Amino acid sequence: MRFLIVEDHPLFREALEGALKMVAPEADILQATSIDSALELLSAMAELDLILLDLSMPGTTGLSGIIRVRKAFPKIPVVIVSGHQDPQIISGALSLGVAGYILKSSSKQDLAQAIGEVLRGSVCVPGAYRSTRPQRVAGPAQDLIKRLHDLTPQQLRVLEMLKRGLQNKQIAYELKISETTVKVHVSDILRKLNVLSRTKAIVEMSRIDFATLATEGTRTKHNRAQSDRQE
């Protein structure tokens, strides 16, 4: 079997590698420390059985790392391994079709058990999340996620760079493409996101930031509680 760990912290990479070895001792385990390097590795791989992906990676915004990986390689199962425990963030990740969500606070044995469940075809989620009433991602964020799926992998990468504040010339240099091509990508991004400016696109991207998702989830829960009291 062949696995890919996408994690920028060496201690967590080591922990995940140990858990994978418990599940499949003879497995070939690859590692990447960013979304870009992960996508490069994936492009060079003939087959891969599972991706273990941290949400908080350099150069990514909230759930956008999942979107980029799932968009480019939709057939490879992805399991999120994250320190974020907010139900709204977990719901957002699950809505993107991941095969599981594991908390970084889990023991190596629990990590191995969850990974084994996924390899057997199950979707694993934290026990605390399972025991609560399932929550939907807040409306604006869910709508944005749908629109982001219309972007190509290259457009998603350009959008991430816009979020980082890069100008067209810098984006062209990093992606090794012409500024004219960057302008075409930006134009298509604005059209697909239904916004009129780069600034508006960046504001839209903030809707899938972790802090925003958590805040929206708290607001939704508060509104539901108020509605229940009124009834």
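Going by the structure above, here's the rest.
Report follows, based on the coordinates. Remember, it's a predicted structure, so these values are computed and weren't measured experimentally.

Let's shift gears to the packing of aromatic side chains. Counted under the stated rule, the structure contains 0 aromatic pairs. The ring centre of Phe 12 lies 4.2 Å from the NZ or CZ of Lys 104, which sits over that ring.

Below, the discussion takes up the layout of surface pockets. Of the pockets and cavities examined, the second largest pocket occupies roughly 240 Å³. Asp 110, Ala 114, Val 125, Pro 126 and Gly 127 are, among the 13 residues lining the second largest pocket, the residues nearest its centre. Of all the secondary structure elements, the ones that give two or more residues to the lining of the second largest pocket are strand S5 (100-103), helix H5 (108-119) and helix H6 (127-130). The element that contributes the greatest number of residues to the lining of the second largest pocket is H5, accounting for 4 residues. Among the residues forming the lining of the second largest pocket, the class breakdown is 7 nonpolar, 3 polar and 3 charged.

Now for helix H9 (residues 168-175). Listed as buried for H9 are Asn 168, Ile 171, Ala 172 and Leu 175. The arc that holds every buried residue of H9, seen down its axis, measures 100 degrees, which confines them to one face. Projecting away from the buried face of H9 at angles above 90 degrees are the exposed residues Lys 169 and Tyr 173. Considering only its buried residues, H9 is in contact with helix H8 (153-163), helix H10 (179-193) and helix H11 (198-205). Lys 176, located one to two residues past H9, shows a positive phi value of around 60 degrees.

A word on the sheet that holds strand S4 (residues 78-82). Sheet architecture is open: 5 strands sit in the order S2-S1-S3-S4-S5, paired in parallel fashion. Only two strands of the sheet have a single neighbouring strand rather than two, namely strand S2 (28-32) and S5. Pairwise comparison of adjacent strand axes, ignoring direction, gives a mean angle of 20 degrees for this sheet. Bridge analysis of strand S1 (residues 2-6) against strand S3 (residues 50-53) gives 4 bridges, and the strand direction is parallel. Paired with Phe 3 across the bridge in S3 is Leu 50. Helix-sheet contacts for helix H3 (residues 64-72) involve S3 and S4, and the interaxial angle to S3 is about 165 degrees.

Right, let's talk about H3 for a bit. A large share of H3 lies buried, amounting to 7 of its 9 residues. If you check which residues of H3 are buried, you get Ser 64, Gly 65, Ile 66, Ile 67, Arg 68, Val 69 and Arg 70.

What follows concerns unusual backbone geometry. The backbone of Lys 176 shows a phi angle near 60 degrees, a positive value even though the residue is not glycine. Its location among the elements puts Lys 176 in the loop between H9 and H10. Even without being a glycine, Asn 194 presents a positive backbone phi close to 60 degrees. By the secondary structure assignment, Asn 194 is in the loop between H10 and H11. Overall, Asn 194 belongs to the exposed group, its relative accessible area being 66%.

Another aspect to go through is the packing of helix H1 (residues 10-23) against H5. Relative orientation of the contacting elements H1 and H5 amounts to 55 degrees, with a least axis distance of 8 Å. By the angle between their axes, H1 is oblique relative to H5. The handedness of the crossing between H1 and H5 comes out as right-handed. Across the interface between the two elements, Ala 15, Leu 16, Gly 18, Ala 19, Leu 20, Met 22 and Val 23 from H1 touch Lys 108, Gln 109, Leu 111, Ala 112, Ile 115, Gly 116 and Leu 119 from H5. A class-by-class count of the residues in the contact of H1 with H5 yields 10 nonpolar, 3 polar and 1 charged.

Cut-offs and rules
- Residues numbered from 1 in each chain as written.
- Predicted model: local features only at pLDDT ≥ 70, side-chain atom pairs only at ≥ 80, totals over all residues.
- Heavy atoms only, no water.
- Phe/Tyr/Trp six-rings, centres within 6.5 Å; stacked < 30°, edge-to-face > 60°.
- Lys NZ or Arg CZ within 6 Å of the ring centre and 35° of its normal.
- 1 Å grid on protein atoms, 1.4 Å probe; cavity = no way out; pocket = protein on both sides within 12 Å on 5 of 7 lines; lining within 4 Å.
- Points joined across faces, edges and corners; volume = space filled by probe spheres on them.
- Helix = DSSP H or I, 4+ residues; strand = E, 2+ residues; numbered from the N terminus.
- Nonpolar A, V, L, I, M, F, W, Y, C, P; charged D, E, K, R; others polar.
- Buried < 20%, exposed > 50% of the residue type's maximum accessible area, 1.4 Å probe, protein only.
- Arc of directions from axis to C-beta.
- Contact = heavy atoms within 4.5 Å.
- Pairing = 2+ DSSP bridges.
- Axes fitted to C-alpha atoms, helices over the stretch in contact; angles between N-to-C directions.
- Parallel < 35°, antiparallel > 145°, perpendicular 65-115°, else oblique.
- Left-handed = near helix turned anticlockwise from the far one by under 90°.

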